[in-house]
Amino acid sequence: MRRFELLEPESFAAASAALLEHPEAKAIAGGTALLILIKHGVYVPELLVNLRKIRGMADITWDAASGLRVGALASLNDIERSPLVREHLPMLAEACHVVANIRIRNLATIGGNVSHGDYQSDPPTALVALGAVVELSTATGTRELLLADFLLGPYETALEPGELVSAVRVPPPGAGWRSAYLKFTTRSSEDRPAVGVATLLRLDGETVREARLVVGAVTVTPSRMTDVESYLGGRSLDAGTLAEVGRMVSAGIQPIDDIRGSAAYKRRLAGVQAERALELCSTMGAAR
Amino acid sequence: MILEGQFTIPAPQDRVWSAIWDIPTLASWVPGCTSAAQVDATTYRAHLEQQVGFLKAAFDLLLTVVETQEPLLIRLHGEGEDRKIRSNIQAEITVKLEPAPDGTLLGYHIDVSVLGRLGALGFPLIQRKAKEIEAEFARRARAGLAGG
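About the criteria used
- Residues numbered from 1 in each chain as written.
- Chains lettered and ligands numbered in written order.
- Predicted model: local features only at pLDDT ≥ 70, side-chain atom pairs only at ≥ 80, totals over all residues.
- Heavy atoms only, no water.
- Phe/Tyr/Trp six-rings, centres within 6.5 Å; stacked < 30°, edge-to-face > 60°.
- Helix = DSSP H or I, 4+ residues; strand = E, 2+ residues; numbered from the N terminus.
- Buried < 20%, exposed > 50% of the residue type's maximum accessible area, 1.4 Å probe, protein only.
- Lys NZ or Arg CZ within 6 Å of the ring centre and 35° of its normal.
- Disulfide = S-S within 2.5 Å.
- Pairing = 2+ DSSP bridges.
- Core = buried A, V, L, I, M, F, W, Y, C linked by side-chain atoms within 4.5 Å.
- Contact = heavy atoms within 4.5 Å.

*Asks:* Explain the packing of aromatic side chains residue by residue, including any values.
*Replies:* Tallying each qualifying case throughout the model produces six aromatic pairs over all chains. Between A:Tyr155 and B:Phe54 the ring centres are 5.6 Å apart and the planes differ by 70°, which places this aromatic pair in the edge-to-face class. You can see A:Tyr155 sitting in the loop between strand E8 (151–153) and strand E9 (156–157) and its partner B:Phe54 sitting in the loop between strand E3 (43–52) and strand E4 (55–69), one on each of two chains. For the residue pair A:Tyr155 and B:Phe54, the accessibility class agrees, reading buried in each case. Ring geometry for B:Trp17 versus B:Trp21: centroids 5.9 Å apart, planes at 55°, classification tilted. Of this pair, B:Trp17 and B:Trp21 both sit in helix H1 (residues 13–21), separated by four residues, roughly a single helical turn. Here the aromatic residues B:Phe7, B:Trp29, B:Tyr108 and B:Phe137 are joined through ring pairs into a cluster of three or more. Directly above the ring of B:Phe54 sits A:Lys26, whose terminal nitrogen or CZ lies 4.0 Å from the centroid. Over the ring of A:Trp177 we find A:Arg212; its NZ or CZ atom is 5.0 Å from the centre of that ring.

And the structure:
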């Protein structure tokens with residue numbers, strides 16, 4: 001490994017200033033994603049800004065009006081185990097729980113997870129389905145962006161120079177919504193997803209009033225399937241409806257070939273997983 | 001990875017052929033190509049820099065002309081290396097020109113392999129980047145020769 005500089009600021013302002021001053025610098029928190037790229041030699045850092053010494057950025061809070069706010073340095077394990085997340089947004093707890101293994105989840109932060117912009121990840125799919133917003137802060141101010149607009153492509157986000165994700169916010173889902181996140185791996189159970197599907201349903205008896213369906217890990221950013229959402233409105237989730245959803249998802253998505261499956265395989269898999277996720281959501285998904 | 005496609009350039013075939021052999025012009029059509037020069041009658045050097053998010057690669061390429069049929073076809077062999085991230089690129093490139101009602105139809109077939117660390121980790125990203133380069137090359141080539 002080549003030598004690189006490491007800065008360890010103790011305040012958010014100092015970290016932001018360092019990133020602004022050194023355009024080649026990269027922020028690192030848990031390091032679970034970045035260190036793999038460094039060890040593989042694909043990313044050769046010149047300067048890393050370690051965020052771990054910054055205090056007060058890992059809080060998880062809930063407000064009935066504004067919803068959940070997760071500080072960027074909260075670990076995926078913090079989120080998964082948070083009583084607030086489990087009570088109000090169980091799908092997010094599940095999407096964090098299925099990431100890799102406990103050692104990774106203990107280190108990986110939610111800010112790092114979304115900032116890394118890797119399409120093969122579970123939490124972003126659930127967060128996009130939940131309408132999450134990222135707080136992007138510098139030493140002087142904060143702006144907010146929908147996560148769906150923040151993720152631009154592989155390893156590409158809307159972060160401006162000197163900006164860091166300071167928190168992820170999820171609006172309250174409202175009464176009567178059920179949710180489910182379903183991951184499918186093609187290698188080990190700890191692997192990154194070959195496909196991840198996040199779905200939310202508001203049911204009236206057997207009838208779908210509103211639906212949200214996001215397919216992740218097959219396209220460069222999570223894909224919200226709005227045509228499927230419209231199709232589901234007013235229908236019951238019988239075998240015919242589910243089969244049509246599977247067909248629509250397979251037809252409507254343009255998967256990437258990668259080591260977790262060919263594009264053709266993932267196209268079929270995305271449809272099947274969408275059917276399964278909806279079924280899971282309608283039968284098991286906790287109603288809120 | 002095979003990249004192939006075709007697009008029409010609004011210029012006569014002889015003009016497109018000349019532009020392809022004008023190395024600074026050709027290099028200016030390839031996004032990320034920061035320098036290009038002729039080494040001898042059939043060999044060219046080029047430097048290609050590409051970025052996917054914060055991941056960067058910079059290849060020193062050696063391009064050899066394998067076959068020429070003026071003004072119809074060129075076949076090239078290209079290879080290069082990024083020493084920093086220990087990755088290699090190899091490409092077999094065929095470019096065909098034929099007259100079209102509104103100019104010249106440029107067809108290309110590129111069989112490209114990315115080997116080494118980048119190839120092991122980043123195939124989908126390389127594929128996506130290649131598509132972007134492809135689209136931008138076509139746009140620049142059309143713009144560069146428009147009005148001819």
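*Asks:* I'd like a rundown of the state of the cysteines, residues and numbers included.
*Replies:* Residue and element names in this part refer to chain A. A full pass over the atoms with the stated rule returns zero disulfides over all chains. In this structure cysteine 96 is not part of a disulfide, and its nearest cysteine sulfur, from cysteine 281, lies 17 Å away. Its relative accessible area of 0% is what places cysteine 96 among the buried residues.

*Asks:* I'd love a proper account of the pairing of strand E12 (residues 195–204) of chain A, names of residues and values included.
*Replies:* Residues and elements named next belong to chain A. Most of E12 is tucked away: seven of the ten residues are buried. Across eight bridges, the pairing between strand E11 (residues 177–184) and E12 is antiparallel. Note that in E12 the partner of tryptophan 177 across the bridge is arginine 202. Pairing between E12 and strand E13 (residues 207–216): nine bridges, direction antiparallel.

*Asks:* Any details on the nonpolar core? Residues and values, ideally.
*Replies:* If you look at the biggest cluster of nonpolar residues, it comprises 54 residues, and the most contacted ones within it are A:Tyr43, B:Phe7, B:Ile9, B:Val16, B:Leu106 and B:Leu118. Examining the composition of this core, we find that seven residues originate from one element, helix H4 (residues 123–145) of chain B, more than from any other. Residues within four places of B:Val16 in sequence aside, it is in contact with B:Ile9, B:Ala11, B:Leu97, B:Thr104, B:Leu106 and B:Leu145. In this structure, A:Ala95, A:Phe150, A:Leu151 and A:Val168 belong to the second largest nonpolar core, which totals 52 residues.

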